[in-house]
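Residue strings, one per chain:
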Amino acid sequence: MESALISPAKFFLFGLFPTAILSFLIPVIGITVFVYIIVKRLAPIILANPDFRFDRIPERVKRVLVLWLAQYKQPRYMLAGVLHILIFAGFIVLSIRSISLVVLGLSETFVFPGLGLFDGAIGHIYNVFKDYAATMVLIACLIAGVRRGYFKPARYSVPEKYGKDHTGEAVFVLGLISLLMISESLFEAAAVAANQGEGIAGETPAPLSLAWFLTLMLTGASQSSLQGVHIVSYYIHDLTFFFFLCFLPLGKHFHVITSILNVFFMKLDKGTIKPVKWGVDDSKLDELESFGVKKFEDFTWKNVLDFYSCADCGRCSDQCPANAVGRPLSPRFITIKARDYAFKNYPLKGNFIKSDSLIGTIYDEDEIWSCTTCGACEEECPLAIEYIDKIVDLRRGMVDEGTVPQSLQKPLKALEKRGNPYGKMEKKRAEWTTVLKKEEEIEVKIVGQKETTDTLYFVDSITSYDDRIQEIGKATARVLNAGGVDFGILGPAEKDSGHEVRRFGEEMLFMDLKEQNTEAILGSGAKQIVTADPHAYNALKKDYKDLPPVEHICETIHRMIKDGKIKLQAGDDNGAVYAYHDPCYLGRHNEVYDIPRDVIDSIPGIKRIDMDKCRDRSFCCGGGGLMLFYEPIEEKRMGQIRVEMAREAGADVIVTSCPFCMVNIEDAIKTSGLEGKMTAIDIVELIDRHMVK
């Protein structure tokens, strides 16, 4: 296309120096520096432990399209999410233009492949999108800059103990992006204004776009001035582009490069825990010299990729219940501190530094023990960064070193000796069934060598031994009996499911519990397993292998209601308002959200509401990861905050479907001074109360 201006590929600075030399040197130097930095950044990834992430490729590609390309999770924080989507989408559109500009500095006739089709019609269409994309990105950057610099949402703040605030870096990058948008549009505007001045017909910028406004401003300027603007804006864009490229791996904006890989290699199965070491069979764990993560190099390569991919948005910590109650844990800084440590120990210049123990240097013991493994952080992260596996691995390392909190030593010893954290006799596991038989003539089979059953009710430790939670066990038995289910329990042969034990980091104890339970379950002849405990449910589904299908009791009840095997009637609740609390290991980790709500709603006349934090944003009660026995440093109990949420929503009764939640929520009602004003009930108890007997 004819142009009134000389292109950067043909221009001579001061009539002597060909700018094409600059057009060659800038990308060569920029790419060389960038490759050098990336090679250095790859060092800790290469030296890290293995990780198996090359399975189920179609599913991984789908995750990339949904989470990375479509930015699916960004609008969960609406303003920040929309701004990010606008900038991201603009970058995707303008990537073609940026590459084209680099080549145009060497060849003025270059047309990006595909844009020249149909006599350039595709190129014309693209230019319209490109002009509006640049305008959109500039506006989004200005809003984001003001928001980040002046209004600063609390989740961006950095406590002094964690280092410096990253606002400066964020605003600087927004400035670089804005400069790219302005220089690109100015380069185009100068050429259009010059052509118009010479009466040369040509393409004009999209109406009301940044390039369109700049063209209006330059109209009437001399050809020499426009030539200068054309060349200067080109090299400003070129230099900024390659400076930005090399700057990205130096800080939190590394995620611009790594995020697509991080999403591709994300964990696909919620609720699972990584093996102690990939490639090492469970039967050979005792041959390992060391367990868990103690030094930085003990992390897997995916863990390091996580550290590089953190955008420092603070969403994880903003949703973290441990952080909300003032525990010394902020998931955001689990990642950021590790990234800073990697940058320090694997510098761009000089020798690598020998790693020290992570506990006591960048992480504190209480920080790692504070996690309930609820998964709120992972659910919120738009880049699929994983936290639970890292925390469990760090715990494995501490357990291997004998560093266990005092309050957790007793339940661990009890689990080793008696198979339950209470230290009670195995024969007492089934005592609650004798009461049921004596008072209500409902017999619960104890299956084993002599008796078998179609459905095994896996009770687990808390329901077997806690006086209050035994009522959930009784209600479960009543409901199963009313539905005509042939069921039984393992009784003394049952051990704790080991769910909390594994997430505590005691892998060998978990393996022992799993082995004993697996043998007993398979010996029961059961064709399916049901449990009222989401922790046992998750363990049997995700941590065990080759067992019959597992259901939570709410799923069983839902099916029985649907099949007409049990019928429900309205109760005398004086117009009470019910709020359902999603347990972490039934909700977030297993995505069972609608079924328990449908079960509650099937009760005639019941009034149910949702709390503000519900479903995948449900607030943890504080009971996961052996936390029922842990004595944390905290300002307030998680259960108390949850009860406050229910009260603010207008609820009189909190319905849950987890014995751990029941313990913490009932305790919170008492300590919050709400006895007589609010109550808690398990979903199976609620159904038992409203069943037509």
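Note that the structure is predicted; figures quoted are calculated from it, not measured. (Residues numbered from 1 in each chain as written. Predicted model: local features only at pLDDT ≥ 70, side-chain atom pairs only at ≥ 80, totals over all residues. Heavy atoms only, no water.)

## Observations concerning the overall build of the protein chain
As a reminder, the rule being used: Only DSSP runs of H or I with at least four residues qualify as helices, and only runs of E with at least two residues qualify as strands; both kinds are numbered from the N terminus onward. When accessible area is computed with a 1.4 Å probe and restricted to protein chains, residues below 20% of their type maximum are described as buried, those above 50% as exposed, and intermediate ones as partly exposed. By definition, residues are in contact when any of their heavy atoms lie within 4.5 Å. Per-residue accessibility takes into account occlusion by the displayed protein chains alone, with areas from the Shrake-Rupley method and a 1.4 Å probe. As used throughout, the charge tally considers Lys and Arg to be positive and Asp and Glu to be negative, leaving His and the chain termini uncounted. Here the site of a charge means atom NZ of a Lys, CZ of an Arg, CG of an Asp or CD of a Glu.
Across its full length, the protein chain carries 27 helices and 11 strands. Projecting the C-alpha coordinates of the protein chain onto the three principal axes gives extents of approximately 105 × 60 × 45 Å. Counting only residues that meet the buried cut, the protein chain has 57% of its 693 residues in that class. Taking as baseline every contact in the protein chain between residues at least 6 positions apart, the subset at least 24 positions apart corresponds to 80%. Total accessible area computed for the protein chain in this model is approximately 30,000 Å², and 59% of it derives from carbon and sulfur atoms. Of the charged side chains in the protein chain, 80 are positive and 90 negative, and the gap between their average positions amounts to 1 Å.

## With respect to the side chain of Lys337
Tracing the chain through its elements places Lys337 in helix 12 (residues 331–345). On the accessibility criterion, Lys337 (15% relative accessible area) is buried. When sequence neighbours within four positions are dropped, the list of residues in contact with Lys337 reads Tyr162, Ile362, Tyr363 and Glu367.

## Examining the packing of helix 3 (residues 78–104) against helix 7 (residues 223–247)
Defined as follows: Axis lines are fitted through C-alpha atoms, for helices just across the contact stretch, and the angle between N-to-C directions can take any value from 0 to 180 degrees. Crossing chirality is assigned from the near helix's rotation relative to the far helix, an anticlockwise turn below a right angle marking it left-handed and a clockwise turn marking it right-handed. The residue classification treats Ala, Val, Leu, Ile, Met, Phe, Trp, Tyr, Cys and Pro as nonpolar and Asp, Glu, Lys and Arg as charged. All others, Gly included, are polar.
Their axes nearest at 11 Å, the elements helix 3 and helix 7 cross at an angle of 115°. In the crossing of helix 3 with helix 7, the sense of the turn from one axis to the other is left-handed. Where helix 3 abuts helix 7, its residues Phe91, Ser98, Leu101, Val102 and Leu104 lie against Tyr234, His237, Asp238, Phe241, Phe242 and Phe244. Here the residues of the contact of helix 3 with helix 7 are counted per class, giving eight nonpolar, two polar and one charged.

## A few points about the domain arrangement of the protein chain
Note the cut-off: By convention here, the domain bounds are inherited from an automatic or database domain assignment.
Its domain assignment divides the protein chain into domain 1 (57–264), domain 2 (417–562) and domain 3 (577–690). Averaged C-alpha coordinates put domain 1 and domain 3 at centres separated by 46 Å.

## Notes on the packing of helix 19 (residues 470–482) against helix 27 (residues 683–690)
Filter applied, for reference: Convention used here: angles under 35 degrees read as roughly parallel, angles over 145 as roughly antiparallel, angles from 65 to 115 as roughly perpendicular, and any remaining angle as oblique.
Two elements in contact, helix 19 and helix 27, have axes separated by 8 Å at closest approach and are oriented at 50°. Taken together, the axes of helix 19 and helix 27 lie oblique to each other. Seen from above, helix 19 lies across helix 27 with left-handed handedness. Counting all contacts with helix 19, which are made through Glu471, Ile472, Ala475, Thr476, Arg478 and Val479, the residues of helix 27 involved are Val684, Glu685, Ile687 and Asp688. Counted by class, the contact of helix 19 with helix 27 contains five nonpolar, one polar and four charged residues.

## Comments concerning the nonpolar core
Definition in use: What makes a nonpolar core is a set of buried Ala, Val, Leu, Ile, Met, Phe, Trp, Tyr and Cys residues whose side-chain atoms join them at distances within 4.5 Å.
Phe296, Leu358, Tyr363, Tyr457, Ile557, Val655 and Ile687 are the most contacted members of the largest nonpolar core, which totals 158 residues. With seven residues, helix 12 is the single largest residue contributor to this core. The residues touching Ile557, leaving out its near neighbours within four places in the chain, are Val479, Ile566, Val599, Val684 and Ile687. By size, the runner-up hydrophobic cluster in this structure holds 29 residues, among which are Ala133, Leu138, Cys141 and Leu214.

## With respect to the pattern of salt bridges
Heads up, the rule is: Within this document, salt bridges are pairs made up of a side-chain nitrogen of Lys or Arg and a carboxyl oxygen of Asp or Glu, the two lying within 4 Å of each other.
Tallied over the full model, the rule gives 53 salt bridges. With a closest N to O distance of 2.8 Å, Lys294 and Glu401 form a salt bridge. Within this pair, whereas Lys294 is found in the loop between helix 8 (255–264) and helix 9 (301–309), its partner Glu401 is found in the loop between helix 15 (388–400) and helix 16 (406–418), the two being separated by 107 residues in sequence. Assessed through its relative accessible area of 16%, Lys294 is described here as buried. Residue Glu401 is classed as exposed on the basis of its relative accessible area of 53%.

## Some points on helix 8
Three- or four-residue spacings in an α-helix give side chains the same orientation, since the helix completes a turn every 3.6 residues. Taken residue by residue, helix 8 has His255, Thr258, Ser259, Asn262, Val263 and Phe264 as its buried positions. Looking at the buried side of helix 8, the elements it contacts are helix 2 (57–69), helix 3 and helix 9.

## Overview of the packing of aromatic side chains
Filter applied, for reference: Aromatic rings from Phe, Tyr and Trp, taking only the six-membered ring of Trp, are treated as a pair when their centres fall within 6.5 Å; an angle between ring planes under 30 degrees marks them as stacked, one over 60 as edge-to-face, and anything in between as tilted.
This model, assessed by the stated rule, comprises 28 aromatic pairs. Judged by centre distance (6.2 Å) and plane angle (55°), the ring pair of Phe91 and Phe244 falls under tilted. Placement of the pair is Phe91 in helix 3 and Phe244 in helix 7, with a sequence separation of 153 residues. Take Phe244: its relative accessible area is 6%, and that puts it in the buried class.

## Concerning unusual backbone geometry
One non-glycine residue with positive phi stands out, namely Asp312, at about 60°. The residue Asp312 is located in the loop between helix 9 and helix 10 (315–319) in this model. The phi torsion at Asp546 lies on the positive side, around 60°, for a residue other than glycine. Tracing the sequence through the fold places Asp546 in the loop between helix 22 (534–543) and strand 7 (550–552). Asp546 gets classed as exposed once you look at its relative accessible area, which sits at 71%.

## With respect to the sheet that holds strand 7
This is how it is decided: For two strands to pair, DSSP has to find at least two bridges joining them.
Spatially, five strands are ordered 3-5-4-6-7 in an open sheet, and the strand pairing comes out parallel. The sheet is open, and its two edges are formed by strand 3 (445–446) and strand 7, each paired on a single side. Bridging between strand 4 (residues 455–457) and strand 6 (residues 528–531) involves three bridges; their strand directions are parallel. From the neighbouring strand, Tyr457 faces strand 6, where its bridge partner is Val530.

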